[in-house]
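Given next are the chains, with one letter for each unit.
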Amino acid sequence: MKKFAYTDFEKAAGIIRDQMPAQPETGIILGSGLGELASEIENPLVLDYHAIPGWPVSTVPGHTGRLIAGTLYGKPVLTLQGRVHLYEGYSPDEVTFAVRVMTCLGIKNLIVTNAAGGLNKTFAAGDIMLITDHIAMAGFSGANPLSGANYDEIGPRFPDMSQAYDRQYCQWVREAAARSGTKIQEGTYVWVSGPSYETPAEVRFLRLIGGDAVGMSTVPEVIAARHGGM
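Analysis parameters
- Residues numbered from 1 in each chain as written.
- Predicted model: local features only at pLDDT ≥ 70, side-chain atom pairs only at ≥ 80, totals over all residues.
- Heavy atoms only, no water.
- Helix = DSSP H or I, 4+ residues; strand = E, 2+ residues; numbered from the N terminus.
- Rg over C-alpha atoms; globule rule 2.2 N^0.38 Å.
- Buried < 20%, exposed > 50% of the residue type's maximum accessible area, 1.4 Å probe, protein only.
- Contact = heavy atoms within 4.5 Å.
- Lys, Arg positive; Asp, Glu negative; His and termini not counted.
- Charge placed at Lys NZ, Arg CZ, Asp CG, Glu CD.
- Core = buried A, V, L, I, M, F, W, Y, C linked by side-chain atoms within 4.5 Å.
- Polar contact = N/O pair within 3.5 Å; in protein donor to acceptor, adjacent residues only side chain to side chain.
- Pairing = 2+ DSSP bridges.
- Salt bridge = Lys/Arg side-chain N within 4 Å of Asp/Glu carboxyl O.

Undergrad: An account of the overall build of the protein chain is needed here, citing residue identities and associated values.
TA: On a plain count of helices and strands, the protein chain comes out with seven helices and nine strands. Over its C-alpha atoms the protein chain spans a radius of gyration of 17 Å, differing by no more than 12% from the 17 Å that the globule rule assigns to 230 residues. For the C-alpha atoms alone, the extent of the protein chain along its principal axes is close to 50 × 45 × 35 Å. Sorting the 230 residues of the protein chain into buried and exposed places 48% on the buried side. Restricting to contacts in the protein chain with at least 6 residues of sequence separation, those with at least 24 account for 80%. One way to put it: in the protein chain the 18 positive side-chain charges average out to a point 4 Å from where the 23 negative ones average out.

Undergrad: Can you break down the nonpolar core residue by residue, with the values?
TA: With 30 residues, the main nonpolar core has Ile 16, Trp 55, Leu 67, Leu 78, Leu 80 and Val 101 as its most contacted residues. Those elements that place two or more of their residues in this core are helix 1 (6-17), strand 2 (42-48), strand 3 (66-72), strand 4 (75-81), helix 3 (97-104) and helix 7 (219-227). No other element matches helix 3, which puts six residues into this core. Setting aside residues up to four positions removed in sequence, Ile 16 forms contacts with Leu 45, Leu 47, Ile 52, Trp 55, Leu 67, Leu 78, Val 101 and Leu 105.

Undergrad: Describe unusual backbone geometry, and please don't skip the residues or the numbers.
TA: With an omega of 5°, the peptide bond between Gly 194 and Pro 195 qualifies as cis. Mapped onto the elements, Pro 195 comes out in the loop between strand 8 (184-191) and helix 6 (200-208). For Thr 218, which is not glycine, the phi dihedral falls at a positive 75°. Here Thr 218 is to be found in the loop between strand 9 (213-215) and helix 7.

Undergrad: I'd love a proper account of the side chain of Ser 58, names of residues and values included.
TA: In this fold, Ser 58 is placed in the loop between strand 2 and strand 3. On the basis of relative accessible area, Ser 58 is assigned to the buried category, the value being 12%. From its side chain, Ser 58 meets the backbone oxygen of Arg 83 in a polar contact 3.1 Å long.

Undergrad: Lay out the side chain of Glu 221 in plain terms, naming residues and giving numbers.
TA: Looking at the secondary structure, you find Glu 221 in helix 7. Beyond its immediate sequence surroundings of up to four residues, Glu 221 is in contact with Ile 29, Arg 83, Val 95, Thr 96, Val 99, Leu 110 and Val 112.

Undergrad: Explain the pairing of strand 1 (residues 26-30) to me, using residue names and the numbers behind them.
TA: Across the five residues of strand 1, five count as buried, placing the element largely inside the fold. Of the two faces of strand 1, both are covered, the one formed by Thr 26, Ile 28 and Leu 30 as well as the one formed by Gly 27 and Ile 29. Note: strand 1 against strand 4, five bridges, orientation parallel. The residue bridging Thr 26 from the neighbouring strand is Val 77, located in strand 4. Relative to strand 5 (residues 109-112), strand 1 is paired through four bridges, and the arrangement is parallel. When the bridges of strand 5 are listed, Gly 27 appears paired with Leu 110.

Undergrad: Any details on the pattern of salt bridges? Residues and values, ideally.
TA: Scanning all chains against the criterion turns up four salt bridges. Residues Lys 3 and Glu 94 are paired through a salt bridge, measuring 3.8 Å at the closest nitrogen-oxygen approach. You can see Lys 3 sitting in the segment before helix 1 and its partner Glu 94 sitting in helix 2 (residues 92-95), a full 91 residues away along the chain. Note that Glu 221 and Arg 83 form a salt bridge whose closest N and O atoms lie 2.8 Å from each other. Separated by 138 residues along the polypeptide, Glu 221 in helix 7 and Arg 83 in the loop between strand 4 and helix 2 bring together distant segments of the chain. Considered together, Glu 221 and Arg 83 belong to a single accessibility category, that of buried residues.

Below, the structure written as structure tokens:
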């Protein structure tokens with residue numbers, strides 16, 4: 001059962017739209033440890049999540065809970081400084097509320113970041129991994145954000161996930177990393193519900209099915225974004 005109606009997303013989007021300095025094409029969700037990027041946004045509109053009707057508020061330390069819209073490196077963006085997770089007690093519908101609002105705001109591109117645990121034995125702590133695919137373990141157990149009535153105004157009942165992580169965007173990341181001399185890894189991200197970390201047996205299983213990193217976020221947002229055509 002869905003918690004929200006499409007009109008809830010439009011209501012929140014309207015409040016943001018009336019105050020945005022420019023129409024952004026790109027949204028950025030900043031995960032754990034990455035919130036400071038928002039401080040580089042010029043001419044920012046800053047809205048606390050509390051100020052937006054229906055917007056869930058993070059209870060996790062380090063997730064500030066602010067929407068910041070403005071210009072980043074010459075491009076108009078809408079940035080989320082913090083997110084919510086299933087393990088906080090939120091439903092999949094609430095976890096993806098922000099992405100639904102972004103869809104209503106006409107945002108076409110979504111960059112999603114997180115801090116994750118490494119599964120691939122060739123990775124080292126602190127490595128940057130470009131996500132090229134995912135495994136929605138939590139979704140297999142009924143936590144898929146598309147479960148329940150479909151938001152027909154947003155997207156189709158059965159959206160294609162064969163390119164959940166856009167191939168052209170992945171190539172641009174590789175090229176940018178090469179230009180800057182930044183070493184990156186690539187791999188598949190596994191989404192689990194948390195909040196407990198994985199047992200040794202679970203780690204072995206996740207490696208066996210092809211996981212390179214594991215975490216408690218990102219995938220529901222990506223599913224909702226692809227449902228909306230991002």
